[in-house]
Amino acid sequence: MPAETMAAKISYPDAKAFQNIVEALSKIIDEVSLKLTPEGARIRAMDPAKIALIDIWLPSSAFLEYSVEEEVTAGFNVAGLLKLLRRGRRGDRLDLEVTPEKITVRMVGDVVKKYVFNNLEVLEPEIPGELPFTFKVSATILADLFKEAVKDAETVGETMELEAPDENTLYIRGVGAEGGGVEARLTVEAGQIIEYRVEEPCKSRYSIDYLKYVLSLTKVADTAILEFSSNSPLRLRFTMPSEGRVDYLLAPKIE
Amino acid sequence: MPRIPPELCARCKGYKRLCGLPTCPILERFRSQLRATLKVDATTAEGYTPPSALVGEHDYPRVSVYYMLPPGEGAEEARYHDAPSLWVERRESLHNIIRLRSSMVAARLRVDARSPQSLYDKEFLYASVSVAPVDSEVELARPPTPRLIFDGISKPVGPSGPARRIRVTGNPRLHPRLEKLVWDEATASTAIVELYRSGVDVYTIHRALSLGMLGRPRNRRLVPTRWAITAVDDTISRWLRSALRDRPSIDTIEVYRAEYLGNRFTIILYPGSGWFEWVEVWHPAGLWTRRAREPSAWRVAEDPLGRATDVDGGFSAARLAVLESLYRRGRVADVIILREITPSYYAPVGNWHIRETVRRALAGSPVRFDDLNDAVGEALASLETPEAQRAALKASPLLRGVRRSRLTDYWPELG
């Protein structure tokens, strides 16, 4: 009699932080697969319009318990998962148990809430190894500062412009439809930019809607790294204090 | 009448109340100008309901339910008073549609929208969603007022009066799936999709939702017809979108056209992932643009996950027709719909004509193009005036040639 496959069991310390990650996912895709390997948990998803790609990596060390003997994939409906995560409370722990058929989610706080889903078969995007382009600018700023800049830009229009004119300054602008705009000037001098690398002056534009989709990640990360070149994709990297990171690659707006 | 910018009216179409007035002055003008052709002095009327029923939104949640029938007509004639797809097929004129609608008597009941169950023992409820016309009698408290009610989304309602009694003498026959769902616990959205997939036409689903016959029993409400129409269109579209997920794109550029009731539609399907761009161009001196000198245009864009920049009943109706066609082919596409409205569209008879005209357009064979810019250029050139072209270009970046760049443009191996 063949031995039954062992279920993969993982336990994440903060259900609310996990919720913030899933909030961002829910904005770009409706079904997603979580791949568990002995090294860690990974979610990669591209939005149907192929404008944005999200890549989430949580190493096994970010979990309280992580027992995954062989690779297993958990496919779920993002809105469904989000609905129940929203029912969780601050301080709840999140336990996941995955078999090829079922996903069991437990939110453990004062009471234990248990949910069971079918493990869906979800088509994963094909992501070849290396990025075929490099970033000429890389700026590390506080995640909150980034959030404020996106919200300011949103007041005037649908487009955000990033400009790195020299090795000290970064402009984050909102571009309005009729030429109006709002501008935030961040500098290394004033300490708003923590780390800055500018290989050449660059300027590029991105959709504010698509930037707003991942703002919930600013709640789980301390810093955001913005990497871009002129008229080419932006990579936003959110690093979590509890280890793990989320990369968000966004196509530019070309007009 | 206060001075309201015509562009606002073209966006509002009488149902969003963007001007802030309690009732739309343009719709009000219609009420007084277009007298109902039917002069009924009697307080009783007998005939077949097509079926036809409507829930008004005025005074919500104390809403009016209208049960309509053309007096003295046989079953088949009666059916034609509420038959959008037939009207489009026969290219019925605006004048005739108004005449057909205004020759029905509407018996009005006041009902609390929060307790649709109070209607469950009334036969007329079932007659309203019957698959065939149902013989009925209505008795009114006073002779009906000879006026028409327009709201821009629903079909116009003819002369109406408060109902004293509604008696259904025929046998309502319900689609078996609907008969089951009325007594079921399914949520309204599940029920809507189930009915649609069983082949029940959207107009019957509109009426069933509107009359509070669908949804979890304790959540059921009477839903003003205008809201129900958009809710049903959007719910079915959401389902069609999810059913099309992971389907391949079409691989050529296709252009379809159709015109009806002074509305011209150009639909461009091109390889993509499910973006919609809806551009409406209203010529001056039209229904909503009587005082305008220049054409007004505006747009709605919706992304592949179904998030739109605005809510518009016309767009909802057109998108449903396009998604149906793509669903039948098992393909996704990016879509541009250009709607040009000429002054000959003088009365707002509902958004059914948009749904049906776009359906008919897509049933025809397309003209194919190799380059999207050529297809868009041709669509713009078909607009009646250079001013209209300018307005459309101003409203839509996509028409101006702004293209969304995708990650695959920078990373071709990405799948």
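The structure displayed is predicted, hence computed values, not measured ones.

## Quick word on the domain arrangement of chain B
Residues and elements named next belong to chain B.
Next, step 1: Considered domain by domain, chain B is made up of domain 1 (35-120 + 131-168), domain 2 (176-244) and domain 3 (253-414).
Next, step 2: Taking only C-alpha atoms, the centre of domain 1 and the centre of domain 3 are 33 Å apart.
Next, step 3: Facing the 18 residues of domain 1 at the interface are 16 residues of domain 3.
Next, step 4: Where domain 1 abuts domain 3, roughly 1,500 Å² becomes buried across the two surfaces, and 71% of that area is made up of carbon and sulfur atoms.
Next, step 5: When the buried surface of domain 1 facing domain 3 is broken down by residue, V88, L94 and I153 rank first, second and third, together holding 41% of it.
Next, step 6: Viewed at the interface, domain 3 and domain 1 are joined by four residue pairs in polar contact (both at pLDDT 80 or more).
Next, step 7: Elements represented by at least two residues in the side of domain 1 that touches domain 3 include exactly α4 (84-89) and α5 (94-102).
Next, step 8: Counting residues per element, the side of domain 1 that touches domain 3 draws most heavily on α4, which supplies five residues.
Next, step 9: Here the residues of the side of domain 1 that touches domain 3 are counted per class, giving nine nonpolar, five polar and four charged.

## A closer look at the nonpolar core
Next, step 1: Within the largest apolar cluster, 102 residues are counted, with the highest numbers of intra-cluster contacts made by B:L214, B:I267, B:L269 and B:V322.
Next, step 2: The biggest single contributor to this core is helix α11 (residues 313-329) of chain B, with eight residues.
Next, step 3: Once you skip the residues sitting within four places of it in the chain, B:V322 turns out to touch B:I267, B:L269, B:F276, B:V335, B:I337, B:V358 and B:L362.
Next, step 4: Ranked by size, the runner-up nonpolar core spans 90 residues in total, among them A:Y210, A:L211, A:L236 and A:A251.

## Observations concerning the packing of helix α9 (residues 202-210) of chain B against helix α12 (residues 352-363) of chain B
All names here are of chain B.
Next, step 1: Look at α9 against α12: their axes get within 12 Å of each other, and the N-to-C directions meet at 155°. Looking at the two axes, α9 sits roughly antiparallel to α12. Considering the relative orientation of α9 and α12, their crossing is right-handed. In this structure, α9 contributes V202, Y203 and H206 to the contact, and α12 contributes W352, R355, E356 and R359.
Next, step 2: Residue composition of the contact of α9 with α12, grouped by class: three nonpolar, one polar and three charged.

Conventions adopted
- Residues numbered from 1 in each chain as written.
- Chains lettered and ligands numbered in written order.
- Predicted model: local features only at pLDDT ≥ 70, side-chain atom pairs only at ≥ 80, totals over all residues.
- Heavy atoms only, no water.
- Domains from an automatic or database assignment.
- Contact = heavy atoms within 4.5 Å.
- Buried area = accessible area lost by both parts, 1.4 Å probe.
- Polar contact = N/O pair within 3.5 Å; in protein donor to acceptor, adjacent residues only side chain to side chain.
- Helix = DSSP H or I, 4+ residues; strand = E, 2+ residues; numbered from the N terminus.
- Nonpolar A, V, L, I, M, F, W, Y, C, P; charged D, E, K, R; others polar.
- Core = buried A, V, L, I, M, F, W, Y, C linked by side-chain atoms within 4.5 Å.
- Buried < 20%, exposed > 50% of the residue type's maximum accessible area, 1.4 Å probe, protein only.
- Axes fitted to C-alpha atoms, helices over the stretch in contact; angles between N-to-C directions.
- Parallel < 35°, antiparallel > 145°, perpendicular 65-115°, else oblique.
- Left-handed = near helix turned anticlockwise from the far one by under 90°.

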